Amino acid sequence: MPSITRQPFRTAVLVLVWGWLLFLVLAPNLLVVGASVMTRDPGTFISLPLNLDAYRQLFDPLYLEVFLHSLYMAAMTTLVCLLIGYPFAWALSKLGKQRQLLLIFLLIVPFWTNSLVRTYALKMLLATNGLINSALMGLGWIDEPLQMLYTEGAVIIGLVYLLLPFMILPLYSVFDDLRQELLLASHDLGAGRFATFIHVIVPLTLPGVLAGVMLVLLPAMGLFFVPDILGGSRNLLVGNVIKNQFLDARDWPFGAAASIVLTVTMAILMLAHRLSKQRIGEEGAG
Amino acid sequence: MTRWLPRAYLVLVYLLLYVPIGVLVVFSFNDSRSGYTWGGLSLRWYQSLFNNNAMVEAMWNSLWLALSAATVSTIIGALTALALHRYRFRGKKVLNGMLFVVMMSPEIVLAISLLALFLLVGIQLGYVSLLLAHVTFCLPFVVITVMARLSGFDESLPEAARDLGASDFTMTRTVLIPVIMPALLAGWLLGFTLSLDDVVVSTFVSGPSYEILPLRIYSMVRVGLKPEVNALGTLLLVFSLVMLMLSQWILTRSKR
Amino acid sequence: MKKTLLSLSNLTKQFDGKTVLDSLNLDIYDGEFITLLGPSGCGKTTLLRLMAGFEHADAGTITLSGEDLTGTPPEHRPLNTVFQHYALFPHMSVFDNVAYGLKMEKRPKEEIRERVEEALAMVQLQDYMRRKPHQLSGGQQQRVAIARAVVKRPRLLLLDEPLSALDYKLRRTMQVELKRLQRELGITFVFVTHDQEEALSMSDRVVVLKDGVVQQLGTPREVYERPANLFTARFVGETNFFPGEVESIHDGAITVDVFGLKRTLRRPDFPVREGQPLHVLLRPEDIRVLDPADEQGVAGKIVERNYKGSTLDSVIHLDDGTEVLASEFFDEDDPAFDYRLGEPVKVSWVDGWEWLLPEEADEPVHEDALTDA
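These figures come from a predicted structure and were not determined experimentally.

Chemist: Can you break down the domain arrangement of chain B residue by residue, with the values?
Modeler: Residues and elements named next belong to chain B. Here chain B is described as being made up of domain 1 (1-41) and domain 2 (52-254). With centres defined by C-alpha atoms, the gap from domain 1 to domain 2 works out at 31 Å. Contacts between domain 1 and domain 2 engage seven residues on the former and seven residues on the latter. Carbon and sulfur atoms supply 69% of the area buried between domain 1 and domain 2, which totals about 690 Å² over both sides. On the surface where domain 1 and domain 2 come into contact, there are zero salt bridges. If you look at where domain 1 meets domain 2, you find one residue pair in polar contact (both at pLDDT 80 or more).

Structure (structure tokens):
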């Protein structure tokens, strides 16, 4: 009987999969939640008693400032990615299918290239005696080099450069799904270009915008190597704080609490994305 | 309407994406020590790269890690996808949810949670911890790739195989695996590059006993400019391109 | 007298060098239900899109009651479209979909509400106003699309194969519904379809199109009973084509040789001369199947029989190899009426039920055309 022979294989597969996910996903995450409410301990990293000191520490003016600055840079990164990516995805979706595939391929080639190396390449361009400054001085547009490296702007440029494809791909996918007929229907019912954009195109591409925001905003708070290479010591991300707390200061509760802030941000964004998709009936709304 | 405006815009964005990479490649052949002035054509940075023993060792370590992480995550990911696709079991939604969370959550969150686990359980930081971590973050991508392939697949094929007397295992081996083969290859390649490129998770879960390439690059680029990085970056770029084209070739060939 | 509402003159449209419409002329009357009928690629949808303003003609003009619309963008044309796949805005409720056009006209809120409710009541969907399109069945979505288009009180409603996504039964219901709406609203309907049955049953006039050229323009009865050419005859309904040759010409009548039978038929409109080959067209329901002993008629045998409920359809193989389709109504006196396969019969028809067409050089009659729907 098939129902007998299928059991051992099925059981083995399920045990392996569940085992892996419980041990390497669920357990570690619970551990972080646990660590965030425990007390810092120099020997064992964490110890009892339970308390909310780590969360209180997040509101310490010193850290609050770092967090807000990180959030600001991440938000700017996301905004720039959106401003570049939205028209980009739109223009891309209007090309022939064959050309679209080629351009998508070209978009992900950099993504397949080591991100550290790409960040380093930006450093070469932005440095005080780097190529951009040399070029501008050569052209006589500026007299002395601009300070571009180790600024907030450099960090944002670096993050945009690394994360732009993650904004474009979900946007491209919603523009690709956008049915031409709906735009025609809007014109047919008396709407001009602008009204059609506001009432039809924007709401229908919103899930893509939110997916892109999610894919850009969170890494933009976590990619600690970008400020390390381009930003100097004053433009830190939440990721740098977490890294310092875990690897250098050995303050696990605080590092864990900071990472839970990221997780909660992610949860909120995911919820917003889900709701936006339900609005246009793409996911079962009942 | 003007057709050239959107096109010009596309070209501009691609230029911005590729100029830094182009500069990197060009300067990897630069004879000058300075990263900013051209000193003639030379392969000296490639030479110095390969004369650097620690660098070569990190390369081999990274390659071995990426190979093993891609292979293990492909096997587990494929089995997970098959289980999700074919079996009805309790907690299926929870399993799906966990994979989704791994994929969406910021790398750094995954990194510290794994670090905490390894230190608490007593797994030494090195190859094993790296492998476990890399497999974990590659897993959801393999599952998604394989699931996509399975969802466009004729449900009656496995049933026909079972009807003709194949056991579940035999059917999986003779019918399902060949069907999902292109997805397995694509998933493997994706895992391979994700592993080779990872900085964030590796920073946390690697130890001094096992140095890997991204961390070696990281320590080199933090301060100043190192022309060897140009050479290394160019090599990695060529390597990625070859892999990418290979995967495209395999995928298009399998469609015929 | 019939008043022309929309006048198309010399419309020409090419895509990538391929001519889709070839200097087409058409006058659409006020209040009529006119159907553009043709196979896919005949240009009917392009013609509709030109009227809506979604495409621009390479040459020619479109005028609505004397006003030139040729360069007017769709949002400023006083006509509306019901799209093939409805094109309902998925993020808006049924109410908001129907209200969209009125909001664009910046109508007062109260008026919008009244008119939307009225339009939805007309398609019997007043209880579904708060639903989203994906919560409706295909038929209901179709009705919303119609309500959304008519709520603006257009002069002309363009319908692009609006029923093609519905199943057979729903199609029939919607056909009746559309006719009723058109009568009640008094709006001119321009309906595009490739389904000849739909075209015949719904329209006041039918435009048969092929390769961007009008093949025939007439009432459904004219198109079906007096097709202007072989294409129309073949495309609209099933037809038997018998090869005939003119034997002699009299006043108002000609004698034609069909399979050796000498039949005296009404003289056609086109010029004829003795010895000229021509086609004798007979619809399956015009065919009489006779006893093999009958004197008139062509001999053959039954090769297929299909019970169709109200009719018995059969295929008869004539001795020279020609296949003939016959469709006979059941006779109340003989409910058990049936054929055996292989049964010898004779085939004939009542004089005057035939339709004659000249041989057309570029229209060779292939054997498969006989069974082509």
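Chemist: Explain the UniProt feature "transmembrane region" (unreviewed entry) in chain B residue by residue, including any values.
Modeler: Residues and elements named next belong to chain B. Under the local residue numbering, the UniProt record ascribes the feature "transmembrane region" (unreviewed entry) to residues 9-29, 63-85, 97-121, 127-148, 175-196 and 229-251. The straight-line gap between the two end C-alpha atoms of residues 127-148 is 31 Å; of that span, 100% is helix and 0% is strand. With 100% helix and 0% strand, residues 175-196 has end C-alpha atoms that lie 32 Å from one another.

Chemist: An account of the interface of chain C and chain A is requested, with residue identities and associated values reported.
Modeler: With 26 residues of chain C at the interface, the matching set in chain A holds 25 residues. Carbon and sulfur atoms make up 61% of the surface buried where chain C meets chain A, a total of about 2000 Å² over both sides. The largest per-residue losses of area from chain C upon contact with chain A belong to E75, H91 and Y100 of chain C, which jointly make up 28% of the total buried on that side. Between the two partners, chain C and chain A, sit zero salt bridges.

Chemist: Got a sec to walk through the sheet that holds strand β17 (residues 311-318) of chain C? Specific residues and values, please.
Modeler: All names here are of chain C. Strands sit in the order β15-β19-β16-β17-β18 across an open sheet of five strands; the sheet is antiparallel. Of all strands in the sheet, those with a lone pairing partner are β15 (287-290) and β18 (323-329), marking the two edges. Going across the sheet, the axis of each strand differs from the next one's by a mean of 45°, ignoring polarity. Alignment of strand β16 (residues 298-307) against strand β19 (residues 344-349), held across four bridges, turns out to be antiparallel. Looking at the pairing, A299 lines up with K346 of β19.

Chemist: Summarise helix α4 (residues 92-104) of chain B; cite the residues concerned and give the values.
Modeler: Compared with an ideal rise of 1.5 Å per residue, which puts 13 residues at 18 Å, α4 of chain B spans 18 Å between its outermost C-alpha atoms and is within 8% of the ideal. Residues of α4 of chain B that are buried: L95, M98, L99, V102 and M104 of chain B.

Chemist: Report on the arrangement of the chains, specifying residues and quantitative values.
Modeler: There are two pairs of chains in contact here; the most contacts are made by chains A and B. Chain C makes no contact with chain B, the minimum C-alpha separation between the two being 13 Å.

Chemist: Could you give an account of the interface of chain A and chain B, with specific residues and numbers?
Modeler: Facing 80 residues of chain A, the contacting portion of chain B comprises 88 residues. Per-residue buried area on chain A facing chain B is highest for W20, W112 and Y120 of chain A; these three make up 11% of the total on that side. One can count zero salt bridges joining chain A with chain B. At the boundary of chain A with chain B, the tally comes to eight residue pairs in polar contact (both at pLDDT 80 or more).

Chemist: Give a description of unusual backbone geometry that names residues and reports values.
Modeler: Residues and elements named next belong to chain C. Positive phi values are uncommon outside glycine, yet K106 reaches one of about 55°. Tracing the chain through its elements places K106 in the loop between α2 (94-104) and α3 (109-122). For E161, which is not glycine, the phi dihedral falls at a positive 40°. Structurally, E161 can be placed in the loop between β7 (156-160) and α5 (168-185). Note on E161: relative accessible area 9%, which makes it buried.

Chemist: How would you summarise the side chain of T74 of chain B if you had to cite specific residues and measurements?
Modeler: All names here are of chain B. Summarising the element assignment, T74 is placed in helix α3 (residues 53-86). Looking at T74, the relative accessible area reads 9%, which means it is buried. Separated by 2.6 Å, the side chain of T74 and the backbone oxygen of A70 make a polar contact. Aside from chain neighbours lying at most four places away, what touches T74 is V142, L184, G187 and W188.

Chemist: Give me the UniProt feature "transmembrane region" (unreviewed entry) in chain A: which residues, what numbers.
Modeler: Residues and elements named next belong to chain A. Under the feature "transmembrane region" (unreviewed entry), the UniProt entry names residues 12-38, 66-89, 101-121, 154-175, 196-226 and 252-272. Annotated as 93% helix and 0% strand, the span residues 12-38 places its first and last C-alpha atoms 37 Å apart. A distance of 30 Å separates the end C-alpha atoms of residues 252-272, which is 100% helix and 0% strand.

Chemist: If you had to explain the UniProt feature "domain: ABC transmembrane type-1" (unreviewed entry) in chain A to someone new, which residues and values would you point to?
Modeler: In this structure's numbering, the residues bearing the UniProt feature "domain: ABC transmembrane type-1" (unreviewed entry) are residues 67-273 of chain A. Taken end to end, residues 67-273 of chain A is 81% helix and 0% strand, and its two terminal C-alpha atoms sit 24 Å from one another.

Chemist: Talk me through the nonpolar core; I want residue IDs and the actual numbers.
Modeler: Counting 223 residues, the largest nonpolar core has F225 of chain A, F204 and I217 of chain B together with L8, L47, M51 and V190 of chain C as its most contacted members. Residues within four places of V190 of chain C in sequence aside, it is in contact with I28, I34, L36, L48, M51, L156, L157, L158 and L159 of chain C. V123, L125, L163 and I187 of chain C belong to the second largest nonpolar core, which has 36 residues in total.

Chemist: Lay out the pattern of salt bridges in plain terms, naming residues and giving numbers.
Modeler: Residues and elements named next belong to chain C. Per the stated rule, a full pass over the model turns up 29 salt bridges over all chains. Between R113 and E110 there is a salt bridge, with its nearest N and O atoms 2.6 Å apart. Remark: E110 and R113 occur in helix α3; sequence separation between them is three residues, near one turn of the helix. Residue classification places E110 among the partly exposed positions, given a relative accessible area of 44%. Where K308 meets D313, a salt bridge forms, and the shortest distance between an N and an O atom there is 3.1 Å. Salt bridges here are not isolated pairs; linked through shared partners, they connect E105, R107, E111, R115 and K152.

Chemist: Any chance you could break down helix α1 (residues 44-52) of chain C for me, citing the residues and the numbers?
Modeler: Note on helix geometry: an α-helix contains 3.6 residues per turn, so any two residues three or four positions apart are oriented the same way. Summarising burial for α1 of chain C: seven of the nine residues are buried, a large majority. G53 of chain C sits one or two residues past α1 of chain C and shows a positive phi near 95°.

Chemist: I'd like a rundown of the environment of R155 of chain C, residues and numbers included.
Modeler: Residue and element names in this part refer to chain C. Topologically, R155 is positioned in the loop between α4 (138-150) and β7. The class for R155 is partly exposed, based on a relative accessible area of 38%. When the C-alpha atoms of R155 and F189 are compared, they prove to be 9.1 Å apart, with 34 residues separating the residues in sequence. Sequence-distant contacts of R155, that is, excluding residues within four places in its chain, are made with L5, L64, S65, P78, I187 and T188. Among the polar contacts made by the side chain of R155, one reaches the side chain of S65 at a distance of 2.9 Å.

So, how was this worked out
- Residues numbered from 1 in each chain as written.
- Chains lettered and ligands numbered in written order.
- Predicted model: local features only at pLDDT ≥ 70, side-chain atom pairs only at ≥ 80, totals over all residues.
- Heavy atoms only, no water.
- Domains from an automatic or database assignment.
- Contact = heavy atoms within 4.5 Å.
- Buried area = accessible area lost by both parts, 1.4 Å probe.
- Salt bridge = Lys/Arg side-chain N within 4 Å of Asp/Glu carboxyl O.
- Polar contact = N/O pair within 3.5 Å; in protein donor to acceptor, adjacent residues only side chain to side chain.
- UniProt positions renumbered as here; feature names shortened; annotations may be inferred.
- Helix = DSSP H or I, 4+ residues; strand = E, 2+ residues; numbered from the N terminus.
- Pairing = 2+ DSSP bridges.
- Axes fitted to C-alpha atoms, helices over the stretch in contact; angles between N-to-C directions.
- Expected span 1.5 Å × (residues − 1).
- Buried < 20%, exposed > 50% of the residue type's maximum accessible area, 1.4 Å probe, protein only.
- Core = buried A, V, L, I, M, F, W, Y, C linked by side-chain atoms within 4.5 Å.

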